[in-house]
Amino acid sequence: MSFQQIALEDKQRALSELREVKELFASRGWFPGTSGNLSIRVGDFNADDFQFAVTASGKDKTVHTPEDYLFVDQDGKPCEATRLKPSAETLIHCEIYKLTGAGAIFHIHSVFNSVISEYFWDRKSVPVDGVELIKGFNIWDEEAHIDIPIVSNFAHIPSIVPEITERIVKNIPGILLRKHGIYAWGANAFEAKRHLESFEFIFEYVYRMELLMRGNR
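This text gives an overview of the structure that appears in the document. What you see is a predicted model; the values in this text were computed from it and never measured. (Residues numbered from 1 in each chain as written. Predicted model: local features only at pLDDT ≥ 70, side-chain atom pairs only at ≥ 80, totals over all residues. Heavy atoms only, no water.)

### A closer look at the packing of helix 1 (residues 8-27) against helix 5 (residues 189-215)
Moving on, step 1. With their axes 11 Å apart at the nearest point, helix 1 and helix 5 run at an angle of 20° to one another. Regarding the angle of helix 1 to helix 5, the classification is roughly parallel. Relative to helix 5, the crossing made by helix 1 is right-handed. For the pair helix 1 and helix 5, contact is made by Glu17, Leu24 and Phe25 and by Ala189, Lys193, Leu196 and Glu197, respectively.
Moving on, step 2. Among the residues making up the contact of helix 1 with helix 5, the classes are represented as 4 nonpolar, no polar and 3 charged. (Axes fitted to C-alpha atoms, helices over the stretch in contact; angles between N-to-C directions. Helix = DSSP H or I, 4+ residues; strand = E, 2+ residues; numbered from the N terminus. Parallel < 35°, antiparallel > 145°, perpendicular 65-115°, else oblique. Left-handed = near helix turned anticlockwise from the far one by under 90°. Contact = heavy atoms within 4.5 Å. Nonpolar A, V, L, I, M, F, W, Y, C, P; charged D, E, K, R; others polar.)

Shown next, in the form of structure tokens:
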């Protein structure tokens, strides 16, 4: 499906949803500086041919402007004539969409996700046992165990992509970049938001539990 064939109302809905989630996450302090990026896919999905709306590079996400978003294709190239540049990490969004067929991807920076990614870097994943918010990923086993993957963080974004390709776990809708932040995705904006909030609760839980355990040793 070409970008021109996608219904206008679908494009407008994506932009409206991005505005709402950006405002919410900004209110929580999850976009320090101009960090973080959000995207929502529009139209039909084919791993070799899809389009999505993504936050523009270098924008203050605590305010709304007409230049906050643009539409790009499966390679991260703008679908329309524009002076805007997509987020520097758009290639990561492209790869996650190709691998998962997700409908939305949200990436934020928080102290807890950055600290926990470094703390568990040697094992390349965050171990989580029996935390209630695991159910946020539709995992309902009692006392479930999951491992949230962590990948390297390079200034050269294309160098990150192969690790993401190798490390994505089918039932874990997120991946951590070392000392950087979490990427979470879902079938739509609501699900991606739920997953991201679940990850953030889990990271804070694991961090605080590690402090308690160290204090009791």
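Additional details are given in the paragraphs that follow.
### Describing helix 3 (residues 111-119)
Moving on, step 1. Within the span of helix 3, buried status applies to Asn113, Ser114, Ile116 and Ser117.
Moving on, step 2. In this fold, the buried residues of helix 3 make contact with strand 4 (104-108), strand 5 (125-129), strand 6 (145-151), strand 7 (174-177), strand 8 (181-186) and helix 5. (Buried < 20%, exposed > 50% of the residue type's maximum accessible area, 1.4 Å probe, protein only.)

### Focus: the packing of helix 3 against helix 5
Moving on, step 1. Packing of helix 3 against helix 5 brings their axes to within 9 Å, and their N-to-C directions diverge by 55°. As the angle between them shows, helix 3 and helix 5 are arranged oblique. Between helix 3 and helix 5 lies a crossing of left-handed hand. Between helix 3 and helix 5, the residues in contact are Phe112, Asn113, Val115, Ile116 and Tyr119 and Glu200, Phe203, Glu204, Val206, Tyr207, Arg208, Glu210 and Arg214, respectively.
Moving on, step 2. Looking at side-chain class alone, the contact of helix 3 with helix 5 contains 7 nonpolar, 1 polar and 5 charged residues.

### Remarks on the nonpolar core
Moving on, step 1. In terms of nonpolar packing, the biggest core is built from 42 residues, with Phe25, Phe106, Val126, Val128 and Ile148 touching the most fellow members.
Moving on, step 2. At the level of elements, helix 1, strand 1 (37-46), strand 3 (69-73), strand 4, strand 5, strand 6, strand 8 and helix 5 are the ones that each hand at least two residues to this core.
Moving on, step 3. Broken down by element, this core gets its largest block of residues, 7 residues, from helix 5.
Moving on, step 4. If we skip the residues at most four places from it in the chain, valine 128 touches Ile134, Ala144, His145, Ile146, Ile148, Ile202 and Val206.
Moving on, step 5. In this structure, Ala56, Val72, Tyr97 and Ile175 belong to the second largest nonpolar core, which totals 21 residues. (Core = buried A, V, L, I, M, F, W, Y, C linked by side-chain atoms within 4.5 Å.)

### Comments concerning the sheet that holds strand 8
Pairing between sheet strands relies on hydrogen bonds along the backbone, with the strands arranged either parallel or antiparallel.
Moving on, step 1. Ordered by their spatial adjacency, 8 strands build an open sheet running 3-2-1-4-8-7-6-5, and the pairing between neighbours is mixed. Two strands lie at the open edges of the sheet, namely strand 3 and strand 5, each paired on one side alone. Strand-to-strand twist of the sheet, defined as the mean angle between neighbouring strand axes without regard to direction, takes the value 20°.
Moving on, step 2. Bridging between strand 2 (residues 49-55) and strand 3 involves 5 bridges; their strand directions are antiparallel. Bridge pairing links threonine 55 to tyrosine 69 in strand 3.
Moving on, step 3. Against the sheet, helix 1 makes contact with strand 1, strand 2, strand 3 and strand 4, and its axis sits at roughly 155° relative to strand 1, the strand it touches most. (Pairing = 2+ DSSP bridges.)

### What about helix 2 (residues 90-100)?
Moving on, step 1. Every buried residue of helix 2 is accounted for by Thr90, Ile92, His93, Cys94, Glu95, Ile96 and Tyr97.
Moving on, step 2. The first or second residue beyond helix 2 is glycine 101, which carries a positive phi of 70°.

### Observations concerning the side chain of histidine 93
Moving on, step 1. Here histidine 93 shows up in helix 2.
Moving on, step 2. At 2.7 Å, the side chain of histidine 93 forms a polar contact with the side chain of serine 39.
Moving on, step 3. In this structure, histidine 93 is in contact with Asn37, Leu38, Ser39, Phe52, Ile105 and Tyr183, ignoring residues within four places of it in sequence. (Polar contact = N/O pair within 3.5 Å; in protein donor to acceptor, adjacent residues only side chain to side chain.)

### Focus: the packing of aromatic side chains
Moving on, step 1. Under the defined criterion, the tally for this structure stands at 12 aromatic pairs.
Moving on, step 2. Ring centres 5.2 Å apart and planes at 50° place the aromatic pair phenylalanine 3 and phenylalanine 71 in the tilted group. Taken together, the residues phenylalanine 3 in the segment before helix 1 and phenylalanine 71 in strand 3 connect sequence positions 68 residues apart.
Moving on, step 3. Ring geometry for phenylalanine 50 against phenylalanine 52: centres 6.2 Å apart, planes inclined by 25°, an arrangement best described as stacked. A single burial state applies to phenylalanine 50 and to phenylalanine 52, both of which are buried.
Moving on, step 4. The rings of Phe25, Trp30, Phe31 and Phe106 are connected pair by pair, giving a single aromatic cluster.
Moving on, step 5. Just above the ring of phenylalanine 31 sits the side chain of lysine 61; from NZ or CZ to the centre is 5.9 Å.
Moving on, step 6. Here the guanidinium or amino end of lysine 124 rests over the ring plane of tryptophan 121, the centre of that ring lying 4.3 Å away. (Phe/Tyr/Trp six-rings, centres within 6.5 Å; stacked < 30°, edge-to-face > 60°. Lys NZ or Arg CZ within 6 Å of the ring centre and 35° of its normal.)

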